[in-house]
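Results of the structural survey
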Amino acid sequence: MTALPQTAFLDEHRLRLPIAGMTCASCVRRVEKALLATPGVQSASVNLASESAELILDREVAPATLVAALEKAGYHSRTEQLELAIIGMSCASCVGRVEKALAGLPGVLSASVNLAAEQARVEVLAGNQDAASLVEAIRRAGYDAVPLSAEREDDSQRREREQLVLKRAFWLAAVLTLPVFVLEMGAHFVPGMHHWLEQTLGRPLNWGVQFVLTSLVLFGPGLRFLQKGLPALVRGAPDMNSLVALGTLAAWGFSVVATFAGHWLPAGSRHVYYEAAAVIVTLILLGRYLEARAKGRTGEAIARLLSLQVKTARVRRGEEWREVPLAEVRVGDRVQVRPGERIPVDGRVLEGSSYVDESMLTGEPVPVAKQAGDEVVGGTVNKNGALGFEAVKVGADTLLAQIIRMVEQAQGAKLPIQALVDRVTAVFVPVVMTVAVLTFLVWLWLGPEPALTFALVNGVAVLIIACPCAMGLATPTSIMVGTGRAADMGILFRKGQALQSLREASVIALDKTGTLTRGRPELTDLLMRPGFDEAEVLALVAAVERQSEHPIAEAIVRAAEERGLALVEPQGFEALPGLGVSAMVAGRRLQVGADRYLTQLGLSLDEVSEAAAALASAGKSPLYVVVDGRLAAVMAVADPIKEGTPEAIAALHRLGLKVAMITGDNRRTAEAIAAELGIDEVVAEVMPDGKVAALQALRARFGAVAFVGDGINDAPALAEAEVGIAIGTGTDIAIEAAEVVLMGGDLRAVPNALAISRATLRNIRQNLFWAFAYNASLIPLAAGALYPALGLLLSPMVAAGAMALSSVFVVGNALRLKRVKL
């Protein structure tokens, strides 16, 4: 496998900013607005589900500046403290050099180096740097370092901790709310309970107990809503927390007045709604907890990839093998891996042979044979033999680290379909608050007695029911689960936008060599003329072709070597561009080339024309061998079709797509291969610089084009297509130009990628429909639109439960993508 280039995944002006405190779509909009207003920020894509922002900077921007902008908007970032022992410092200038090297890394907030203790303490934005990258930066500055401790909490641990906090808050709120609910609502369910409460507790004590318990709920577990919602309201940027805070404080405040200053209220309106305030907080906490549990599962793909990284490696130090932390492995180190162990870093095998399971990266289940000279990838599993290899890439440069970064970036992407959500949520919360105020005023003016009570209940119900949590989660959760499912199958979306654009493709254009075929021609036929010996002729031809670097020549030489034929050194080798080659071998004159070469030599092809035509019709390239001026043989070389290619093309047809092949081969050979595979369109005899024009012509005829290729000459076409899909076993340049990377060489991953794209977009539309339809239908109901005709009102408690259910439904629907059938 070719290691993917770091530049393909991590632009030097790209930064991942973790964000805490977001709760709904309006928060996303507010954070993006604050970040985009920061000088130097070119683009900002905020993801509510992953609680992070992907930033592209047009110049260096201090992370502290971004954190300050975030805090000004009412949110904050998460940081990590990493400690290192520094080796080799001798003076204050050393301290300055190390601090400068660390501070220059993306995401580093501060770096403090202590010369006396020979230690460094580094504060970084969570998820941007790890101990290995810090150690590497220090080594580039001319010193050495060893990780001391890492007060590092990975994303899964953080989510688990948040779930635990929410779980405890919910159960505390539930225990405090239950007595309030029973005291106030029990009379509606248990006959005679109202009179019993009046006789035993009396109204003042009953309401007093409810006041104490509800206050504990509101200013205990529910304090989080007030702490975030009220400041946002003061800043003129209300969010979901503001709606909850206003609704619960309104119900609680009205009840407090009724309890302790009832004479201030109009006659007939002295009621308490403690149970509404307490139940709203409890139900929303339950919804948050269930949502956090579900959101935790959306990031399982990243967690699985992180679990592939080993903690230590067995490295040769001097004359002995030592177990060292992964961060201490350097490029050039000798590393040893025993059977059954996971390979720690990318490297090149020096000794031993084994089979390596690469399925966790490529999705292909068959172990790959490895021996001296082969490349191995960190995170894969050594199956049955001991391997010794040289570390080639370590830390952030390893293929696994780059894949993790790529999946994170794709999961943080914002699709074009999200633009509708952004436009709505920009005004949604202010509009809801306006609707709530109007609801209160209309009921106060036109409602039946007690009008104040009706006005309060319906106004609070509107505030609670309209929280836009589901809108904010509709798109990012589906993207996270969809790209994670794809990563499990060895399909990596380098750009999340490709999820949408791939679905819109109407034609799939495929490069032939290395994509449809193995990219390694083989000698398939050797048809001898009378009077010539097959082994002798093959040895003569191979001796000549050994001087050529053409893939066809390599196939002929390989065939001769496999038969154990001895090859002598040719004399007077001459290559004739577009025709063939000639040389003297063992005193015999050899000329090998295409039919036009023989025509130029004045030789007739009549006796072999029928056999040559049959070979060409089968998609093979015929070559003619002339020995001492006589036609000696007709050879055929073909690039075998990859296993799975026919099945892949059939699957693309079932998805309703046109399939085109673009190749530099002659039309007859190309059409033979197309007929064998069932390809719809053939664009043959295309020079490398003509592939872009070929794609433009296909686009004009059929619409949006996705192009699949693997070579350096495919890079312009990959960039030209609406979606470029690179075969991961191809070249780094092709991979860098593509939006989607297939880690294995199996073309069946292309229809799988399309299926995931379509399933993800379908899932997003389901989520958006639910989120918008839910709010559009329930806000009028909460405002009391059905009361005049049917006498129906929506209780604030029911509104809170429905709001919580909406978010859980959206996340749960997104999680169905984990089981998408391909």
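About the thresholds
Residues numbered from 1 in each chain as written. Predicted model: local features only at pLDDT ≥ 70, side-chain atom pairs only at ≥ 80, totals over all residues. Heavy atoms only, no water. Helix = DSSP H or I, 4+ residues; strand = E, 2+ residues; numbered from the N terminus. Buried < 20%, exposed > 50% of the residue type's maximum accessible area, 1.4 Å probe, protein only. Contact = heavy atoms within 4.5 Å. Areas by Shrake-Rupley, 256 points an atom, 1.4 Å probe, with all protein chains shown as cover. Pairing = 2+ DSSP bridges. Salt bridge = Lys/Arg side-chain N within 4 Å of Asp/Glu carboxyl O. Axes fitted to C-alpha atoms, helices over the stretch in contact; angles between N-to-C directions. Expected span 1.5 Å × (residues − 1). Polar contact = N/O pair within 3.5 Å; in protein donor to acceptor, adjacent residues only side chain to side chain. Parallel < 35°, antiparallel > 145°, perpendicular 65-115°, else oblique. Left-handed = near helix turned anticlockwise from the far one by under 90°. Nonpolar A, V, L, I, M, F, W, Y, C, P; charged D, E, K, R; others polar. Phe/Tyr/Trp six-rings, centres within 6.5 Å; stacked < 30°, edge-to-face > 60°. UniProt positions renumbered as here; feature names shortened; annotations may be inferred. Patch = residues over 30% accessible without salt bridge, like charges linked within 9 Å, V, L, I, M, F, W, Y side chains within 5 Å. Arc of directions from axis to C-beta.

**Section: the overall build of the protein**
- Scanning the protein from terminus to terminus reveals 30 helices and 29 strands.
- Looking at the 822 residues of the protein, the share that counts as buried comes to 54%.
- Within the protein, contacts between residues separated by at least 24 positions form 69% of all contacts whose residues are at least 6 apart in sequence.
- Summed over all atoms, the accessible surface of the protein reaches about 34500 Å², with 56% contributed by carbon and sulfur.

**Examining the side chain of Lys-512**
- Mapped onto the secondary structure, Lys-512 falls in helix 18 (residues 512-516).
- Discounting chain neighbours no more than four positions away, the residues touching Lys-512 are Thr-517, Asp-639, Met-661, Ile-662, Thr-663, Asp-665 and Ile-673.

**With respect to the sheet that holds strand 8 (residues 312-317)**
- On the basis of which strands lie adjacent, the open sheet formed by six strands has the order 9-8-10-16-11-14 and antiparallel pairing. Looking at which strands have only one partner, the edges of the open sheet turn out to be strand 9 (320-325) and strand 14 (375-376).
- Sheet topology places strand 11 (residues 346-351) next to strand 14; two bridges connect them, and they run antiparallel. Its bridge partner being in strand 14, Arg-348 is matched across the sheet by Glu-375.

**Some remarks on the pattern of salt bridges**
- For the structure shown, the criterion picks out 21 salt bridges.
- Across the salt bridge formed by Glu-607 and Arg-529, the nearest N and O atoms sit 2.1 Å from each other. Of the two residues, Glu-607 sits in the loop between helix 21 (595-601) and helix 22 (609-617) while Arg-529 sits in the loop between strand 19 (522-528) and helix 19 (534-545), which places them 78 residues apart along the sequence.
- Of the charged contacts in the structure, one is a salt bridge between Glu-681 and Arg-701, with a shortest N-O distance of 3.0 Å. You can see Glu-681 sitting in strand 26 (residues 681-683) and its partner Arg-701 sitting in helix 25 (residues 691-702), a full 20 residues away along the chain.

**What about the pairing of strand 24 (residues 630-638)?**
- With eight of nine residues buried, strand 24 lies mostly within the body of the structure.
- Pairing of strand 19 with strand 24, which is carried by six bridges, proceeds in the antiparallel orientation. Bridge pairing links Leu-526 to Met-635 in strand 24.
- What sits between strand 23 (residues 621-627) and strand 24 in their antiparallel hairpin is a turn of two residues, with Asp-628 showing a positive phi close to 55°.

**Concerning the sheet that holds strand 17 (residues 491-493)**
- Sheet architecture is open: seven strands sit in the order 17-29-28-27-18-25-26, paired in mixed fashion. Edge positions in the sheet fall to strand 17 and strand 26, since each has one partner strand and no second. Looking at each pair of strands side by side, their axes are set apart by 20° on average, direction ignored.
- In the sheet, strand 28 (residues 723-727) pairs with strand 29 (residues 740-742) via three bridges, with the strands oriented parallel.

**A word on helix 19**
- Taking 1.5 Å per residue, 12 residues should reach 16 Å; helix 19 reaches 16 Å between its end C-alpha atoms and fits that length.
- For helix 19, the buried fraction is high: nine of the 12 residues fall into the buried class.
- Taking the backbone nitrogen of Ala-535 as reference, a side-chain oxygen 3.3 Å away marks Asp-533 as the first, capping residue of helix 19.

**Here we look at unusual backbone geometry**
- Cis geometry is adopted by the peptide bond preceding Pro-450, which originates at Glu-449 and carries an omega value of -5°.
- Summarising the element assignment, Pro-450 is placed in the loop between helix 14 (418-446) and helix 15 (451-465).
- The phi dihedral of Ala-586 is positive, around 50°, even though this residue is not glycine.
- Note on placement: Ala-586 falls in the loop between strand 21 (580-585) and strand 22 (588-593).

**Topic: the packing of helix 7 (residues 202-219) against helix 9 (residues 240-260)**
- In contact at an axis separation of 11 Å, helix 7 and helix 9 are set at 155° when each is read in the N-to-C sense. By the angle class used here, helix 7 and helix 9 are roughly antiparallel. In this structure, helix 7 meets helix 9 at a crossing whose hand is left-handed. Side by side, helix 7 and helix 9 meet where Trp-207, Phe-211, Thr-214, Ser-215, Leu-218 and Phe-219 of the first sit next to Thr-248, Leu-249, Trp-252, Val-256, Ala-258, Thr-259 and Phe-260 of the second.
- Split by residue class, the contact of helix 7 with helix 9 holds nine nonpolar, four polar and no charged.

**A look at the packing of aromatic side chains**
- Tallying each qualifying case throughout the model produces nine aromatic pairs.
- Aromatic side chains Phe-219 and Trp-252 sit 5.3 Å apart centroid to centroid with 80° between the ring planes, which places their arrangement in the edge-to-face category. With Phe-219 in helix 7 and Trp-252 in helix 9, this pair connects stretches of sequence that are 33 residues apart.
- By relative accessible area, Phe-219 is classed as partly exposed at 39%.
- Through successive ring pairs, a cluster of aromatic residues spans Phe-211, Phe-219, Trp-252, Phe-260 and Tyr-274.

**Remarks on the packing of helix 15 against helix 28 (residues 749-783)**
- Running from amino to carboxyl end, helix 15 crosses helix 28 at an angle of 165°, the nearest separation of the two axes being 8 Å. In terms of orientation, helix 15 and helix 28 fall into the roughly antiparallel class. Handedness of the crossing formed by helix 15 with helix 28: right-handed. In this structure, helix 15 uses Asn-458, Ala-461, Val-462 and Ile-465 to contact helix 28, whose residues at the interface are Tyr-774, Asn-775, Leu-778, Ile-779, Ala-782 and Ala-783.
- Residue composition of the contact of helix 15 with helix 28, grouped by class: eight nonpolar, two polar and no charged.

**Quick look at the UniProt feature "transmembrane region" (unreviewed entry) in the protein**
- If you check UniProt for "transmembrane region" (unreviewed entry), the listed places come out as residues 169-190, 205-223, 243-265, 271-290, 424-446, 452-475, 768-787 and 793-815 in our numbering.
- Secondary structure content for residues 271-290 is 85% helix and 0% strand, and the end C-alpha separation is 33 Å.

**Observations concerning a nonpolar patch on the surface**
- Together, Val-437, Leu-438, Leu-441 and Leu-444 line one region of the surface with nonpolar side chains, adding up to about 350 Å² of accessible area.
- One can find Leu-441 in helix 14.
- With a relative accessible area of 45%, Leu-441 lands in the partly exposed category.

**Focus: the environment of Ser-548**
- Structurally, the position occupied by Ser-548 is in the loop between helix 19 and helix 20 (551-562).
- Spatially, the C-alpha atoms of Ser-548 and Val-581 are 8.5 Å apart, while their sequence positions differ by 33 residues.
- If we ignore the near neighbours within four places in the chain, the residues touching Ser-548 are Ala-553 and Phe-573.

**Considering the pairing of strand 25 (residues 658-662)**
- The buried fraction of strand 25 amounts to four of the five residues, a majority that puts the element mostly inside the structure.
- Note that strand 18 (residues 507-511) and strand 25 share five bridges and pair parallel. Bridging across to strand 25, Asp-511 finds its partner in Ile-662.
- Two strands pair when backbone bridges link them, and strand 25 and strand 26 are joined in this way by three bridges, in the parallel orientation. The residue bridging Ala-660 from the neighbouring strand is Glu-681, located in strand 26.

**Topic: helix 2 (residues 63-72)**
- Burial in helix 2 covers these residues: Pro-63, Leu-66, Val-67, Ala-69 and Leu-70. The buried residues of helix 2 occupy an angular sector of 160° when the element is viewed end-on, so they sit on one face.
- Taken together, the buried residues of helix 2 touch strand 1 (14-18), helix 1 (25-36), strand 2 (41-47), strand 3 (52-57), strand 5 (108-114) and strand 6 (119-125).
- Two residues or fewer past helix 2, Gly-74 is found with a positive phi of approximately 100°.

**Describing the environment of Gly-572**
- Topologically, Gly-572 is positioned in strand 20 (residues 571-576).
- For Gly-572, a relative accessible area of 57% corresponds to the exposed category.
- Sequence-wise, Gly-572 and Arg-589 are 17 residues apart; in three dimensions their C-alpha atoms are separated by 9.9 Å.

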